[in-house]
Amino acid sequence: MTLALVRRGIVYLLLSIAAFVSIFPFYWMVVGASNTSADIIRGKTSLGSALLTNATAFFTQVDAVRIFWNSGVIAVVATVLTLAISSLAGYGFEMFRSRVRERIFGFLLLLLSVPFAAMMVPLFVMFSQAKLVNTFAAVILPTVASIFIIFYFRQTTKAFPTELRDAAKIDGLKEWQIFLFVYLPVMRSTYAAATIIVFMANWNNYLWPLVVLQTAENKTITLILSGLTAAYTPDYGLILFGTVLATLPTILIFFLLQRRFVEGMLGAVK
Amino acid sequence: MSGLKLRNVKKSFGSVHVIKGVDLDIEDKQFVVFVGPSGCGKSTLLRMIAGLEQISSGDLFIGDKRMNDVDPAQRGIAMVFQSYALYPHMTVRENMGFALRFAGAPKEEIATRVAEAARILELGALLDRKPGQLSGGQRQRVAIGRAIVRHPDVFLFDEPLSNLDAELRVHMRIEIARLHKELNTTIIYVTHDQVEAMTLADKIVVLRDGVIEQAGSPLDLYDDPDNLFVAGFIGSPKMNLLAGTAEAGGIRLADFPEQLVPSPVAVPAGTAVTVGIRPEHFDPTGSAALETTVEIIEHLGGETYAYARGAGSSLLTLATDNNRTLKTGERYQARFNPASLLVFGQDGKRLR
């Protein structure tokens, strides 16, 4: 009896610590956006009255419309392209029997272990030779053939009933039509889950844009925010206000696709 | 007009030969059932006819046209799958009209044909539902409806009733038989259930290991099997098969050594044979008899089956002319008419 109670107490304690660790930074960010830099440094953790000041400061110092537009275009285009290319690849890997299929796929998975930092310099050389440095294309292109997303689509395609493909063939559909009119709608949960993952990765992407985007008018929100911390006396209220703004799109997308995201993660084909 | 001809059709996956040379003629409007144990290649053969599997060698004709390299949609076939394979994101109506929409049929024609199929299958009330909201039997009817809508020359059914419960299976079996009468087209039907095969088919094709063991009408196969495999596969309960040796005056069965069973065919003395007799061919008025001890009794109401043993190890299944007074442990004289025996040689071939 008491042992069970103790055990339960420990579980709750651990869960509470985990919840605190997850939620506190978020809370602190929101609260910080309404406080002055001095209050934040002092460690104030309640709502303040400097929200408007921070907002005004942010919008005067940063060309917000432009920056969000840049981040938005990059994230949206990269997400659409990544889903299109990687889901096609995942579909192909699962649907077509070939002697070399598993070897190629194994090789791809092996490539996952190459850190991006190791590819950065050769990539930069490539893009500069292609005269693409300081363009959105340079940020987007390296991300669109995502091995992880290909892997994810291949795994979820295993649950796609092959008889549906057979039925579609008999109904007169070509392979690309099967993909477009049968596979895609059936797998929409998978697409939703992948959308969240890919959008977040692109929206939050920092290292590669930092290298390849060089003029102020092309920079993304992550670059701008990190630029603000580099100031001689960083205004933390302003930075946290910008951070709150930068978080909004991912939160929005997550809540829009939440139900499908959970289904997709469970691999639901119904 | 749309019979099928298969000429030395083969299929291999790499070095694995799945279909090892099939010759078959299917007449127009015939109901043909491919039956056999799992892994015998019956589904593969059906998929080859559908165009879902390439034919490795040989020729397939539908009507008079060689179809080996023709696209599945152009073969004039429609297929019903075991798992129904309905598009989950479309309503019943959209599912049924999908193929026509892709073929570019005008909207009114699609609507008319879907309505016609819905009438035949009594699906009218379900047209705006999605497959997820239907029961197994309803899904199967939609799958059949999707096939009907295309007005195919040949219907292909791949184990369509396997996912249904027993009661529904019997019901759908009758539906399919009725459908064949109403549509009056060629049907090729794959099943591992020999009762389905017996009840539905005009012609049964028994397959084993990628080879046709025998093809013919259900009663031909029942009465006159060519080999041990077909004899054992067709008929329920299964035929009793007993090992024996031919002697001058008949056959001596290993499990009943004390008596000589008269043979319906002439077999050279000393030949090892297998004797087959169906449970329902045991008949109290028969001229020959086997002395047995009853071990298990099954009362089905209309018939009583006894499982009985002679001196040896094999258990015989006997129809007892509904002898309801029979008890386990009793001696039972299993009488039969020697003319109803089937004799098979050592290679499994029927001796005639």
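Refer to the structure presented above.
Given the structure is predicted, the values throughout are model-derived calculations rather than measurements.

Trainee: So what exactly am I meant to see when it comes to the sheet that holds strand 20 (residues 350-351) of chain B here?
Mentor: What links the strands of a sheet is backbone hydrogen bonding, and the strands pair in either a parallel or an antiparallel sense. All names here are of chain B. Strands sit in the order 13-12-11-14-19-20 across an open sheet of six strands; the sheet is antiparallel. Of all strands in the sheet, those with a lone pairing partner are strand 13 (260-261) and strand 20, marking the two edges. Direction of pairing for strand 14 (residues 272-277) relative to strand 19 (residues 342-344): antiparallel, over a ladder of three bridges. Bridge pairing links Gly-276 to Leu-342 in strand 19.

Trainee: Got a minute to help me understand unusual backbone geometry in this structure?
Mentor: With the exception of glycine, the majority of residues adopt a negative phi angle, and the majority of peptide bonds are in the trans configuration. With an omega of 0°, the peptide bond between Ser-236 of chain B and Pro-237 of chain B qualifies as cis. Within the fold, Pro-237 of chain B resides in the loop between helix 8 (228-233) and strand 11 (240-247). One non-glycine residue, Asn-134 of chain A, lies in positive phi territory at about 70°. A positive phi angle, close to 50°, is found at Asn-322 of chain B, a residue other than glycine.

Trainee: How should the interface of chain B and chain A be read in this particular structure?
Mentor: Interface size is commonly expressed as the accessible surface area that is lost when the partners come together. Contact with chain B, which involves 26 residues of that partner, is made by 19 residues of chain A. Carbon and sulfur atoms supply 63% of the area that chain B and chain A bury against each other, a total of about 1700 Å² over both sides. On the chain B side of the interface with chain A, the three residues burying the most area are Tyr-87, His-89 and Phe-102 of chain B, jointly 30% of the side's total. Linking chain B with chain A are two salt bridges. With a shortest N-O distance of 2.8 Å, Arg-47 of chain B and Asp-166 of chain A are connected by a salt bridge. The interface formed by chain B and chain A contains six residue pairs in polar contact (both at pLDDT 80 or more). Of all the secondary structure elements, the ones that give two or more residues to the side of chain B that touches chain A are helix 1 (42-50), strand 6 (77-80) and helix 2 (92-102) of chain B.

Trainee: Please explain the side chain of Lys-203 of chain B as it appears in this structure.
Mentor: Residue and element names in this part refer to chain B. Its location among the elements puts Lys-203 in strand 9 (residues 203-208). Buried and unpaired, Lys-203 has no salt bridge, with Glu-27 as the nearest side chain of opposite charge at 6.1 Å. Within the structure, the side chain of Lys-203 is placed 2.7 Å from the backbone oxygen of Asp-25, a separation counted as a polar contact. Setting aside its immediate chain neighbours within four residues, Lys-203 contacts Leu-24, Asp-25, Gln-30, Phe-31, Val-32, Val-33, Ala-215, Gly-216 and Ser-217.

Each value, and the rule that gives it
Residues numbered from 1 in each chain as written. Chains lettered and ligands numbered in written order. Predicted model: local features only at pLDDT ≥ 70, side-chain atom pairs only at ≥ 80, totals over all residues. Heavy atoms only, no water. Pairing = 2+ DSSP bridges. Helix = DSSP H or I, 4+ residues; strand = E, 2+ residues; numbered from the N terminus. Contact = heavy atoms within 4.5 Å. Buried area = accessible area lost by both parts, 1.4 Å probe. Salt bridge = Lys/Arg side-chain N within 4 Å of Asp/Glu carboxyl O. Polar contact = N/O pair within 3.5 Å; in protein donor to acceptor, adjacent residues only side chain to side chain. Buried < 20%, exposed > 50% of the residue type's maximum accessible area, 1.4 Å probe, protein only. Lys, Arg positive; Asp, Glu negative; His and termini not counted.

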